[in-house]
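# Architecture and fold: a report
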Protein chains: 2
Amino acid sequence: MATIGDVASEAGVARSTVSAVLTGRKFVQPETRARVEAAIAKLDYSVNSGARALATRRTMNLGLVVSFHGLEFSPALATYIFAITDAAREHGYGVLLLTQPDGVAAVRHAIATREVDGLILMSVTEDDPRIEAIAAAGFPAVLIGMPEEARGLDAVDLDFAGAARKLVKRLADAGHDRITFVTWPDDVYESRRTFALRFRDAALEAAARLGVELHVVPCSAEPDEALGALREILRDDEAPRALLVHNDAAVAFLPLVMHELGLQVPADHSVVSLYSSELGRLYALPYTAVESEPEHVATLAVEALVRRLAGSGAPNGAATLVAALLTERSSVAE
Amino acid sequence: MATIGDVASEAGVARSTVSAVLTGRKFVQPETRARVEAAIAKLDYSVNSGARALATRRTMNLGLVVSFHGLEFSPALATYIFAITDAAREHGYGVLLLTQPDGVAAVRHAIATREVDGLILMSVTEDDPRIEAIAAAGFPAVLIGMPEEARGLDAVDLDFAGAARKLVKRLADAGHDRITFVTWPDDVYESRRTFALRFRDAALEAAARLGVELHVVPCSAEPDEALGALREILRDDEAPRALLVHNDAAVAFLPLVMHELGLQVPADHSVVSLYSSELGRLYALPYTAVESEPEHVATLAVEALVRRLAGSGAPNGAATLVAALLTERSSVAE
DNA sequence: CTGAAAGCGCTTACAG
DNA sequence: CTGAAAGCGCTTACAG
């Protein structure tokens with residue numbers, strides 16, 4: 001492997017001059033620059049990223065802290081991971097996957113060893129212990145989620161509260177005054193995942209305001225259990241004819257269970273939901289829904305982190321909510 | 001951030017002594033070691049991974065080369081990514097996601113800048129151009145897939161040929177002499193993805209040997225197109241009553257289409273397939289199938305790469321096939 | 001505008 | 001068994 005010294009002797013200049021053309025932070029005489037570039041090409045030289053990282057104190061890598069040993073429905077998670085990696089690359093950053101089951105340990109280790117310049121946290125909960133570990137170290141980071149107290153960190157997420165209001169209103173406007181709200185299982189709420197809490201609270205508030213009865217039905221996020229739960233919900237003839245579904249597994253299996261029971265949308269049931277277009281694609285979902293836009297959220301999160309790494313972030317951290325957009329798919333009876 | 005020098009002065013020893021206790025490659029007097037460890041704890045010191053990488057010439061990171069802008073069905077890909085990351089961590093390695101659309105560029109860049117110690121390649125094709133780039137550089141790498149010519153690289157994959165033989169035989173043994181083979185679309189074959197070719201060729205060979213008619217029906221891997229293709233296949237009353245499905249999107253939507261058309265398994269159709277248990281879980285698949293075992297394959301791939309990084313790999317590369325195991329789920333009419 | 005020197009924070013022969 | 005020195009391959013003030 002050629003080093004910067006080899007290039008310097010080949011071009012007949014000092015190492016610092018080669019470095020100047022490499023980093024582009026200094027003006028170099030065009031003729032000198034041409035000689036250096038020729039030497040680089042001839043020796044097939046590339047800068048050693050580790051050495052550069054040591055000298056600049058920047059690794060140009062971001063750490064993505066994500067644990068999939070938990071309550072996650074993997075198709076949704078994967079979409080975020082891919083979108084974040086793409087967005088990071090656009091800004092010249094690589095992504096290191098930090099997947100220890102213990103997120104606090106992952107965060108502490110990454111910060112202490114300086115193997116990344118900043119952190120992106122997925123699956124954020126209210127009073128997430130990882131936030132404290134990051135804030136205490138004063139390390140650059142961005143949250144995907146909206147905890148009550150971000151401790152000065154940037155946070156980005158879909159406006160789940162706005163989404164809930166829009167969806168409830170959509171059903172109410174169509175004349176439904178009783179709605180079954182198929183939501184996450186109790187353990188998601190117990191773990192205080194922020195998206196679930198924000199959606200639920202806003203849905204309840206909107207329903208009360210609009211004079212709509214909301215029947216909250218927790219449903220497992222485990223595929224096979226969700227399947228069973230849906231059968232039970234839909235077999236009940238007394239139940240409302242309108243479904244508000246916020247649970248990826250439940251909405252994924254809804255078409256199958258509808259077919260099993262011979263039910264039609266919107267003739268038998270109106271359905272509205274919230275999911276990513278990728279989930280919609282993977283399960284061919286035909287429902288009027290707010291799209292969760294993981295690509296959009298991921299892009300904004302990476303941009304916020306990059307801005308902070310450049311020293312130009314808001315001093316006390318900024319919260320960015322992506323507006324909820326409703327896509328009509330004719331699954332609501334008018 | 002404390003450095004090794006700070007620890008040395010705190011403990012009253014030389015930096016090299018601190019390094020000796022850190023790496024554990026040298027015997028240090030227990031009493032000295034205790035002093036060093038106390039200093040480390042007091043200063044909350046962690047080794048700077050970049051500096052260590054520069055000195056040792058090992059980053060302790062692996063690069064995972066994967067592109068999801070292609071023909072992939074993302075749930076399956078995600079399972080591999082997670083399994084590889086977990087396996088790497090068990091061996092003390094981190095995983096850097098290398099997802100450029102241009103895989104050759106990704107490989108070249110990673111090798112040239114030395115940002116990883118070794119590479120793991122997903123979605124390997126026959127005469128994959130990435131293989132040549134790696135072999136030319138003599139860089140440590142492992143393939144997930146089985147190309148005709150691995151150029152000295154290690155390769156790991158499920159025994160897709162064995163899987164195909166088992167599945168065809170299962171249907172033949174149950175008395176089926178005509179089988180519809182729902183397989184990947186033409187572009188998967190044109191891109192020469194090794195798993196598709198090996199499965200198809202073995203299926204055709206086994207059918208010929210057993211005197212079974214195999215009707216090869218390509219099916220899109222795009223969810224919505226797969227849905228339409230399945231409807232067409234299953235509406236044909238003249239078609240065989242046995243299905244061999246090797247296409248994640250097709251098998252994922254099979255339960256839905258069966259319900260739509262009022263068809264039962266195995267009463268109306270026998271079905272056998274090949275998919276990961278994770279895909280089976282995400283889509284609640286009820287079919288007798290060979291499991292593709294991404295976790296097993298990922299673990300073996302990481303182990304092969306780690307072995308090579310330790311200098312103890314087979315000189316000319318080794319190919320490891322994971323045996324195909326059939327799981328019965330009563331989807332074959334006897 | 002270019003170059004010599006110091007420094008980033010480690011590890012590893014090599015003396016002692 | 002411990003320590004002083006050199007080196008990993010860069011970048012960045014600082015002179016000239």
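Cut-offs and rules
Residues numbered from 1 in each chain as written. Chains lettered and ligands numbered in written order. Predicted model: local features only at pLDDT ≥ 70, side-chain atom pairs only at ≥ 80, totals over all residues. Heavy atoms only, no water. Near = heavy atom within 4 Å. Polar contact = N/O pair within 3.5 Å; in protein donor to acceptor, adjacent residues only side chain to side chain. Helix = DSSP H or I, 4+ residues; strand = E, 2+ residues; numbered from the N terminus. Nonpolar A, V, L, I, M, F, W, Y, C, P; charged D, E, K, R; others polar. Buried < 20%, exposed > 50% of the residue type's maximum accessible area, 1.4 Å probe, protein only. Pairing = 2+ DSSP bridges. Right-handed = clockwise from strand over helix to strand, strands pointing away. UniProt positions renumbered as here; feature names shortened; annotations may be inferred. Phe/Tyr/Trp six-rings, centres within 6.5 Å; stacked < 30°, edge-to-face > 60°. Patch = residues over 30% accessible without salt bridge, like charges linked within 9 Å, V, L, I, M, F, W, Y side chains within 5 Å. Areas by Shrake-Rupley, 256 points an atom, 1.4 Å probe, with all protein chains shown as cover. Salt bridge = Lys/Arg side-chain N within 4 Å of Asp/Glu carboxyl O. Lys, Arg positive; Asp, Glu negative; His and termini not counted. Charge placed at Lys NZ, Arg CZ, Asp CG, Glu CD. Contact = heavy atoms within 4.5 Å. Buried area = accessible area lost by both parts, 1.4 Å probe. Least-squares fit on C-alpha atoms with pLDDT ≥ 70 in both. Axes fitted to C-alpha atoms, helices over the stretch in contact; angles between N-to-C directions. Parallel < 35°, antiparallel > 145°, perpendicular 65-115°, else oblique. Left-handed = near helix turned anticlockwise from the far one by under 90°.

### Points about the protein's contact with DNA strand C
Every one of the 28 residues lining DNA strand C counts as a neighbour, but Thr32(A), Arg57(A), Ile4(B), Arg15(B) and Ser19(B) are closest to it. Take the atoms of DNA strand C that sit within 4 Å of the protein: sugar and phosphate atoms are 64% of them. Interatomic distance of 2.6 Å between a side-chain N/O atom of Arg57(A) and a phosphate oxygen of DNA strand C. At a separation of 3.3 Å, a phosphate oxygen of DNA strand C approaches a polar backbone atom of Asn48(B). Within the residue set of the surface near DNA strand C, elements represented by two or more residues are helix 2 (15-23) and helix 4 (49-56) of chain A together with helix 2 (15-23) and helix 4 (49-56) of chain B. Among the residues forming the surface near DNA strand C, the class breakdown is 11 nonpolar, 11 polar and six charged.

### A short note on the pairing of strand 3 (residues 118-121) of chain A
Residues and elements named next belong to chain A. Burial along strand 3 is two-sided: the residues Gly-118 and Ile-120 and Leu-119 and Leu-121 are all buried. Summarising the sheet, strand 1 (residues 61-65) and strand 3 pair through four bridges and their orientation is parallel. Bridged to Leu-64 within strand 3 is Ile-120. Here strand 3 runs beside strand 4 (residues 141-144); their pairing, made up of three bridges, is parallel. Counterpart to Leu-119 in the pairing with strand 4 is Ala-141. One crossover worth recording links strand 3 to the parallel strand 4 by way of helix 7 (residues 129-137), and it is right-handed.

### Things to note about the UniProt feature "domain: HTH lacI-type" (unreviewed entry) in chain A
Residues given the UniProt feature "domain: HTH lacI-type" (unreviewed entry) here are residues 2-56 of chain A. In the segment residues 2-56 of chain A, helix accounts for 71% and strand for 0%; the C-alpha atoms at its two ends are 20 Å apart.

### Observations regarding the protein's contact with DNA strand D
As a structural note, the neighbourhood of DNA strand D is formed by 28 residues, with Ile4(A), Arg15(A), Ser19(A), Thr32(B) and Arg57(B) the closest of them. The sugar-phosphate portion of DNA strand D accounts for 62% of its atoms within 4 Å of the protein, the bases making up the rest. Taking Ala14(B), its main chain carries an N or O atom lying 3.1 Å from a phosphate oxygen of DNA strand D. Between Lys26(B) and DNA strand D, the recorded distance is 3.3 Å, taken from a side-chain N or O atom to a base oxygen.

### Here we look at the packing of aromatic side chains
Scanning the model with the defined rule gives nine aromatic pairs over all chains in all. Centre to centre, the rings of Phe160(B) and Phe195(B) are 5.7 Å apart; their planes meet at 45°, and the pair counts as tilted. Of the two residues, Phe160(B) sits in helix 8 (residues 160-173) while Phe195(B) sits in helix 10 (residues 194-210), which places them 35 residues apart along the sequence. Like Phe195(B), Phe160(B) is buried. Consider the rings of Phe181(B) and Phe199(B), whose centres lie 5.7 Å apart with planes at 35°: the pair is tilted. Here Phe181(B) is found in strand 6 (residues 178-183), whereas its partner Phe199(B) is found in helix 10, with 18 residues between them in sequence. On the basis of relative accessibility, which here comes to 0%, the residue Phe181(B) falls in the buried class. Taken together, the aromatic side chains of Phe253(A), Tyr283(A), Phe253(B) and Tyr283(B) make up a single cluster linked through ring pairs.

### Quick notes on a negative patch on the surface
Residue and element names in this part refer to chain A. On the surface, Glu-232, Asp-236, Asp-237 and Glu-238 cluster together into a patch of negative charge. Here Asp-236 is to be found in the loop between helix 11 (223-235) and strand 8 (242-245). Given the relative accessible area of 37%, Asp-236 is considered partly exposed.

### Overview of the interface of chain A and chain B
By a frequent convention, interface size equals the accessible area lost on bringing the separate parts together. The interface is formed by 44 residues belonging to chain A together with 44 residues belonging to chain B. Note on chain A versus chain B: buried area summed over both sides is about 4000 Å², and carbon and sulfur give 64% of it. The interface formed by chain A and chain B holds two salt bridges in total. At the junction of chain A with chain B, the criterion picks out 10 residue pairs in polar contact (both at pLDDT 80 or more). Secondary structure elements with two or more residues in the side of chain A that touches chain B: helix 4, helix 5 (74-90), strand 2 (94-98), helix 6 (103-113), helix 11, helix 12 (248-260) and helix 13 (277-283) of chain A.

### Here we look at the side chain of Thr32(A)
Residue and element names in this part refer to chain A. Looking at the element boundaries, Thr-32 is found in helix 3 (residues 30-43). Residue class for Thr-32 comes out buried when judged on its relative accessible area of 19%. Leave out the neighbours within four places in its chain, and Thr-32 touches Val-13 and Thr-17.

### With respect to the relation of the copies chain A and chain B
Rotating chain A by 180° and moving it 0.0 Å along the rotation axis overlays it on chain B with an RMSD of 0.0 Å. This pairing of chains is accounted for by a two-fold axis. When C-alpha distances to the rotation axis are compared across chain A, the minimum falls at Leu96(A), with a value of 2.3 Å. A shared binding surface is used by both copies, with 100% of the interface residues of chain A retained as interface residues in chain B.

### Description of the packing of helix 6 (residues 103-113) of chain B against helix 7 (residues 129-137) of chain B
All names here are of chain B. Taken N-terminus to C-terminus, the directions of helix 6 and helix 7 make an angle of 20°; their axes are 8 Å apart at the nearest point. By the criterion of interaxial angle, the relationship of helix 6 to helix 7 is roughly parallel. The two elements helix 6 and helix 7 meet at a crossing, and its hand is right-handed. Residues Gly-103, Val-104, Val-107, Arg-108 and Ile-111 of helix 6 form the contact with helix 7, whose participating residues are Pro-129, Arg-130, Ala-133, Ile-134 and Ala-137.

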